[in-house]
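The chain contents come next:
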Amino acid sequence: MRTVTNYFIVNLSFADVLVTIICLPASLVVDITETWFFGNTLCKIVPYLQTISVSVSVLTLSCIAQDRWYAICHPLMFKSTAKRARKSIVIIWVVSCVIMIPQAVVMESSSLLPELTNKTSLFTVCDEHWGAEIYPKVYHTCFFIVTYFAPLCLMVLAYIQICHKLWFQQIPGNTSVMQRKWRSMQCSASSPSPGEPVRVRTSTVCAEIKQIRARRKTARMLMVVLFVFALCYLPISILNLMKRVFGSFKHGNDRETVYAWFTFSHWLIYANSAANPIIYNFLSGKFREEFKAAFSCCQRKEQSQTVRMRTSTDSRKSMSTQVINMDNVSRISDHLV
């Protein structure tokens, strides 16, 4: 399971856990009460971590697409290794933490009714405070392009080429077995060359077919992950552009509708974090096997501990029984004497 793709999937899962543990509780309270209760410090930290998780997710999906594109479309040009994957993950986190610093700087908690600031924490909001109107427009435009539009376009192009290679063409580096006919082949060589054993030829064909099947399953799973990510992050991206760049939603007449749309878009982000493990489970046989193996190991450890405890308890009982019997025998012998 320690493949390059799985390293990136674990990193993506960690970003999802970061969203669920840190950002979800605060967002849940704000969505229900429409009030920020957590002070100015957390007002800077929570949105900052949330944008970091978005950036990490996007960059990780981009690295996965790049790795699959090289492995399938150009396998002889670039050799991906686990060491390079770990370095890429470190770079992803460093870049995400650096480019999201402006988000932490401009976030501040303020009261909608300044005269009630010292009397109640209600009507307090956590929002961006920029010095001039041009800054949020530039920042959020760049944010949309860097964390959504540009990576999504590149990933779509990469997966289009991957699908074309896997389903319609021959992958460079393989033998002359055409991928269009691999379903009809039943792991048998049609005409082995002179001096070549039939078993060797058959095993080679079987290995190629298994490799193509595995690559197709992996590509299918990653495309579903990408599709769910793009779908779940599309509403919040559009709403942020409309609010921060184009200045929409300033009228108070449609406040409840706008609030409902933003709440729905926030919950779509959390739904994406919850959907990824389900996608891995349904579309990855290796993930299911390793997941079951991990739980079976835990169950075996618990069973072994239970057996040890029972054994120790039984041994203690037997020892106490022997001691009691010895005492009874000694008493009887003393009485007879």
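If you check an unreviewed UniProt entry, the protein appears there as Orexin receptor type 2 from Takifugu flavidus. In its Subcellular location (unreviewed entry) section, UniProt records this for the protein: "Cell membrane". The Function (unreviewed entry) field of the UniProt record for the protein holds the comment "Nonselective, high-affinity receptor for both orexin-A and orexin-B neuropeptides. Triggers an increase in cytoplasmic Ca(2+) levels in response to orexin-A binding."

Participant: Before we go on, may I ask you to explain the overall build of the protein in this structure?
Facilitator: Looking only at helices and strands, one finds eight helices and two strands in the protein. Helices (α) and strands (β) of the protein occur, in sequence order from the N terminus, as α-α-α-α-β-β-α-α-α-α. For the protein, the proportion of its 337 residues judged to be buried stands at 34%. Counted over contacts in the protein with a minimum sequence separation of 6, partners at least 24 positions apart contribute 76%.

Participant: I would appreciate a short explanation of the UniProt feature "transmembrane region" (unreviewed entry) in the protein in the present structure.
Facilitator: Taken from the UniProt record, the annotation "transmembrane region" (unreviewed entry) applies to residues 7-28, 48-67, 88-106, 138-160, 219-238 and 258-283. Structurally, residues 7-28 comprises 100% helix and 0% strand, and the distance from its first C-alpha atom to its last is 30 Å. Within residues 88-106, the helical portion is 95% and the strand portion 0%, while the C-alpha atoms at the span's ends are 29 Å from each other.

Participant: Got a minute to help me understand the packing of helix H2 (residues 39-73) against helix H3 (residues 82-99) in this structure?
Facilitator: Between H2 and H3, whose axes approach to 9 Å, the crossing angle comes to 140°. With respect to their mutual orientation, H2 and H3 come out oblique. Where H2 crosses over H3, the two elements pack in a sense that is right-handed. Two secondary-structure elements touch here, H2 through Tyr 48, Ile 52, Ser 55, Val 56, Leu 59, Thr 60 and Cys 63 and H3 through Ile 92, Trp 93, Val 95, Ser 96, Cys 97 and Ile 99.

Participant: Would you take a moment to explain the pattern of salt bridges for this structure?
Facilitator: Summed over the entire model, instances satisfying the criterion amount to three salt bridges. Of the charged contacts in the structure, one is a salt bridge between Asp 67 and Arg 68, with a shortest N-O distance of 3.3 Å. In this structure, Asp 127 engages Arg 244 in a salt bridge whose closest nitrogen and oxygen atoms are separated by 2.9 Å. Of this pair, Asp 127 sits in strand E2 (residues 124-128) while Arg 244 sits in helix H6 (residues 198-245), and the two are 117 residues apart along the sequence.

Participant: How should I be thinking about the packing of aromatic side chains in this particular structure?
Facilitator: How two aromatic rings sit relative to each other is given by the distance of their centres and the angle of their planes. Applying the stated criterion to the full structure yields ten aromatic pairs. Note on Trp 261 and Phe 264: the rings are 6.2 Å apart at their centroids and 85° apart in plane angle, and the pair reads as edge-to-face. Placement of both Trp 261 and Phe 264 in helix H7 (residues 255-283) is noted, with a separation of three residues, approximately one turn of the helix. What makes Phe 264 partly exposed here is its relative accessible area of 45%. One aromatic cluster is present, built from ring pairs that chain together Trp 130, Tyr 139 and Phe 143. Above the ring of Phe 262, the side-chain terminus of Lys 243 is found at 5.3 Å from the ring centroid.

Participant: What's the story with a positive patch on the surface in this structure? I'm lost.
Facilitator: Judged by side-chain charge, Arg 2, Lys 83, Arg 84, Arg 86 and Lys 87 come together as a positively charged surface patch. Among the secondary structure elements, Arg 84 is positioned in helix H3.

Participant: Help me understand the state of the cysteines, please; the structure alone is not making it clear to me.
Facilitator: Here a disulfide denotes one covalent bond, and it connects the sulfur atoms of two cysteines. Tallied over the entire structure, the rule returns one disulfide. Disulfide pairing places Cys 43 opposite Cys 126 at an S-S distance of 1.9 Å. One disulfide, between Cys 43 and Cys 126, carries an S-S torsion of 95° and so falls in the right-handed class. Highlighted residues: Cys 43 in helix H2 and Cys 126 in strand E2, separated in sequence by 83 residues. For Cys 43, a relative accessible area of 0% gives the class buried.

Participant: Would you mind showing me how to read unusual backbone geometry here?
Facilitator: One can expect most non-glycine residues to show negative phi and most peptide bonds to be in trans. Positive phi, normally seen in glycine, also occurs at Glu 34, with a value near 60°. Position of Glu 34 relative to the elements: it lies in the loop between helix H1 (4-33) and H2.

Participant: I'm lost on the nonpolar core in this one. Help?
Facilitator: Judged by nonpolar contacts, the single largest core of 55 residues is most densely connected at Phe 8, Ile 52, Tyr 159, Ile 162 and Tyr 233. Elements represented by at least two residues in this core include exactly H1, H2, H3, helix H5 (134-168), H6 and H7. The element that contributes the greatest number of residues to this core is H6, accounting for 14 residues. Those residues in contact with Ile 162, other than ones at most four positions away along the chain, are Ala 65, Arg 68, Trp 69, Ile 72, Cys 73 and Ala 219. Among the nonpolar cores identified, the runner-up in size contains eight residues, and Val 19, Cys 23, Ala 26 and Met 107 belong to it.

What counts and what doesn't
Residues numbered from 1 in each chain as written. Predicted model: local features only at pLDDT ≥ 70, side-chain atom pairs only at ≥ 80, totals over all residues. Heavy atoms only, no water. UniProt positions renumbered as here; feature names shortened; annotations may be inferred. Helix = DSSP H or I, 4+ residues; strand = E, 2+ residues; numbered from the N terminus. Buried < 20%, exposed > 50% of the residue type's maximum accessible area, 1.4 Å probe, protein only. Contact = heavy atoms within 4.5 Å. Axes fitted to C-alpha atoms, helices over the stretch in contact; angles between N-to-C directions. Parallel < 35°, antiparallel > 145°, perpendicular 65-115°, else oblique. Left-handed = near helix turned anticlockwise from the far one by under 90°. Salt bridge = Lys/Arg side-chain N within 4 Å of Asp/Glu carboxyl O. Phe/Tyr/Trp six-rings, centres within 6.5 Å; stacked < 30°, edge-to-face > 60°. Lys NZ or Arg CZ within 6 Å of the ring centre and 35° of its normal. Patch = residues over 30% accessible without salt bridge, like charges linked within 9 Å, V, L, I, M, F, W, Y side chains within 5 Å. Areas by Shrake-Rupley, 256 points an atom, 1.4 Å probe, with all protein chains shown as cover. Lys, Arg positive; Asp, Glu negative; His and termini not counted. Charge placed at Lys NZ, Arg CZ, Asp CG, Glu CD. Disulfide = S-S within 2.5 Å. Core = buried A, V, L, I, M, F, W, Y, C linked by side-chain atoms within 4.5 Å.

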